[in-house]
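Understanding the architecture of this molecule
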Amino acid sequence: MELHKMVNGHCEKRGEEDGFDSLENMPEREELLDKNTDEKKEEKKEEFTDFVGKTSFGMSIFNLSNAIMGSGILGLAYAMSNTGIVLFVILIILIAILSAYSIHLLLKCAGVVGIRAYEQLGYRAFGSAGKIIAACVITIHNIGAMSSYLFIVKTELPAVIIGLMDKQTNSEWYVNGSYLIIIVSICVILPLALMRHLGYLGYTSGFSLTCMFFFLISVIYKKFVTVCSSEHLSISTNTTNMPLNTTTHNPDDYMHNSTCKAELITLTPQAAYTIPILAFAFVCHPEVLPIYTELKKPTKQRMQKVANISILSMFIMYLLTAIFGYLTFYGNVKDELLKSYSTNDTLMLCVRLAVLVAVTLTVPVVLFPIRRAVQQLLFNNKPFRWVRHIAIAVILLIFVNILVIFVPDIREIFGVIGATSAPSLIFILPGIFYIRIIPEEQEPLKSRPKIQAAIFAALGFLFMVMSISSIIIQWVTGGSRVGGH
């Protein structure tokens with residue numbers, strides 16, 4: 001009995017110091033055998049987390065919903081104008097269902113081996129190479145997302161300040177976007193990013209979602225007070241039937257029907273971007289396992305409910321924004337919806353400010369998985385240190401700020417990142433991890449779940465090839481990329 005207490009105490013102490021990183025040296029078969037008794041399950045559970053999860057069910061939904069919600073919502077109305085309402089609805093339903101299924105695969109893999117870190121799933125599936133690939137994909141994707149958020153701050157915040165002050169000046173320092181993102185990063189983002197646990201951001205995530213809900217309500221309201229007329233249509237009615245000649249015209253001119261009529265199904269040169277935009281808009285997978293770790297009373301079923309509710313909520317918000325934004329401006333909707341509204345509109349000025357607040361409060365949530373990935377790669381099995389925790393956050397913010405300040409337009413870079421990282425995180429990695437991690441004695445290679453996972457991964461490769469091909473074609477023909485997450 002004393003020996004059992006000593007062993008159990010050692011496990012709990014080790015779990016508190018090392019967290020689930022200590023699993024790297026444990027064979028998978030040993031973990032599977034531990035499922036024989038409830039007592040050993042409890043020991044294993046303590047060993048897999050560095051603390052007892054304290055985040056409530058509701059706060060976890062706020063955090064995951066905030067991780068899903070991104071600047072990509074501003075481009076959905078434009079995407080609908082390129083596909084038509086019916087085709088867009090079919091695509092967004094498909095992507096939402098596939099995203100929920102992807103999280104199911106991740107949670108099942110984590111449940112089998114007791115790991116709640118994306119990078120450690122990569123290690124169990126393919127060794128060190130898998131761990132490095134997973135960490136790099138997460139880092140690249142989330143740095144791209146952070147940069148897109150700060151680009152919105154850089155471009156929109158000066159306009160909001162000028163509008164609120166009712167001044168037409170571009171010379172003052174407080175309307176310089178480069179200065180503003182530094183101030184926002186130091187005063188707002190950094191303090192939130194220094195919190196040790198992601199669960200503490202549930203309140204800011206809830207406020208961020210409230211701001212985006214205000215944005216949605218305003219978009220719906222504007223649909224009913226905005227009259228579609230020739231004032232909103234800058235493109236002549238005969239451009240949609242003209243041949244594409246990129247030497248004298250912008251390809252974007254041929255993708256809009258300038259009449260005030262909604263298209264149910266249509267295809268334009270930019271329609272191929274719709275799937276990457278939608279996939280990018282639903283990426284939340286790097287945050288799923290950290291949120292799972294911090295969930296109070298964590299079980300696979302409980303976390304799957306968190307994911308399903310979050311995805312359903314964002315699906316509704318995305319769909320309503322796209323429909324009402326499109327039905328306000330029809331074929332003349334801009335690639336970023338806010339650009340379609342007048343800059344003199346007081347309500348939309350407040351909406352711009354709300355969107356700025358929302359994306360700013362999302363940056364710390366996106367930063368957490370990057371820091372975890374860096375720690376997994378460079379400081380694995382090391383106890384928590386505040387100096388390291390703070391240093392990684394500061395270095396990441398400095399790097400992203402420099403990127404946003406000195407690169408004038410990196411939409412094309414984000415296009416490549418989105419075309420590669422989003423399909424990898426949603427489709428490819430969860431599918432192949434599932435095939436490798438779930439034991440064959442539990443699910444043979446030719447079993448239906450593993451065949452589905454293989455098809456799922458193959459679908460991700462197909463999306464990736466389509467996305468990259470579309471971007472290359474648009475580069476060659478002189479088109480522009482719709483970016484954002």
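Notes on the structure follow. All of these numbers come straight from a predicted model, not from anything done at the bench.

Topic: the packing of aromatic side chains
Across all of its chains, the model carries ten aromatic pairs by this definition. Centroid distance Phe384 to Trp386: 5.1 Å. Interplanar angle 85°. Geometry classified as edge-to-face. Residue Phe384 is classed as partly exposed on the basis of its relative accessible area, which comes to 24%. Judged by relative accessible area, Trp386 falls into the partly exposed class, the value being 46%. Cluster of aromatic residues (ring-pair linked, three or more members): Tyr101, Phe427, Phe456 and Phe463. Just above the ring of Phe368 sits the side chain of Arg371; from NZ or CZ to the centre is 4.7 Å.

What to know about a nonpolar patch on the surface
There is a patch of nonpolar side chains on the surface, built from Val86, Ile90, Leu264 and Ile265 and spanning about 380 Å² of accessible area. Tracing the backbone shows Leu264 in the loop between helix H9 (202–225) and helix H10 (274–281).

Section: helix H8 (residues 177–193)
At Ser185, H8 shows its maximal kink, close to 40°. Every buried residue belonging to H8 is among Gly177, Ser178, Leu180, Ile181, Val184, Ser185, Ile189, Leu190, Leu192 and Ala193, and all of these are buried. For H8, the capping residue at the N-terminal end is Asn176, with a side-chain oxygen 2.9 Å from the backbone nitrogen of Ser178.

As for the packing of helix H6 (residues 85–113) against helix H12 (residues 300–329)
Running from N to C, H6 and H12 point in directions that differ by 165°, and their axes come no closer than 10 Å. Relative to H12, the element H6 is oriented roughly antiparallel. Like other packed secondary-structure pairs, H6 and H12 cross with a definite hand, here right-handed. In this structure, H6 uses Ile85, Phe88, Val89, Ile92, Ile93, Ala96, Ser99, Ala100, Ile103, His104, Leu107 and Lys108 to contact H12, whose residues at the interface are Lys300, Met303, Gln304, Ala307, Asn308, Ile311, Phe315, Tyr318, Leu319, Ala322, Tyr326 and Leu327. Among the residues forming the contact of H6 with H12, the class breakdown is 18 nonpolar, four polar and two charged.

Conventions we followed
- Residues numbered from 1 in each chain as written.
- Predicted model: local features only at pLDDT ≥ 70, side-chain atom pairs only at ≥ 80, totals over all residues.
- Heavy atoms only, no water.
- Phe/Tyr/Trp six-rings, centres within 6.5 Å; stacked < 30°, edge-to-face > 60°.
- Buried < 20%, exposed > 50% of the residue type's maximum accessible area, 1.4 Å probe, protein only.
- Lys NZ or Arg CZ within 6 Å of the ring centre and 35° of its normal.
- Patch = residues over 30% accessible without salt bridge, like charges linked within 9 Å, V, L, I, M, F, W, Y side chains within 5 Å.
- Areas by Shrake-Rupley, 256 points an atom, 1.4 Å probe, with all protein chains shown as cover.
- Salt bridge = Lys/Arg side-chain N within 4 Å of Asp/Glu carboxyl O.
- Helix = DSSP H or I, 4+ residues; strand = E, 2+ residues; numbered from the N terminus.
- Bend = angle between axes of the 7 residues up to and from the residue.
- Polar contact = N/O pair within 3.5 Å; in protein donor to acceptor, adjacent residues only side chain to side chain.
- Axes fitted to C-alpha atoms, helices over the stretch in contact; angles between N-to-C directions.
- Parallel < 35°, antiparallel > 145°, perpendicular 65-115°, else oblique.
- Left-handed = near helix turned anticlockwise from the far one by under 90°.
- Contact = heavy atoms within 4.5 Å.
- Nonpolar A, V, L, I, M, F, W, Y, C, P; charged D, E, K, R; others polar.

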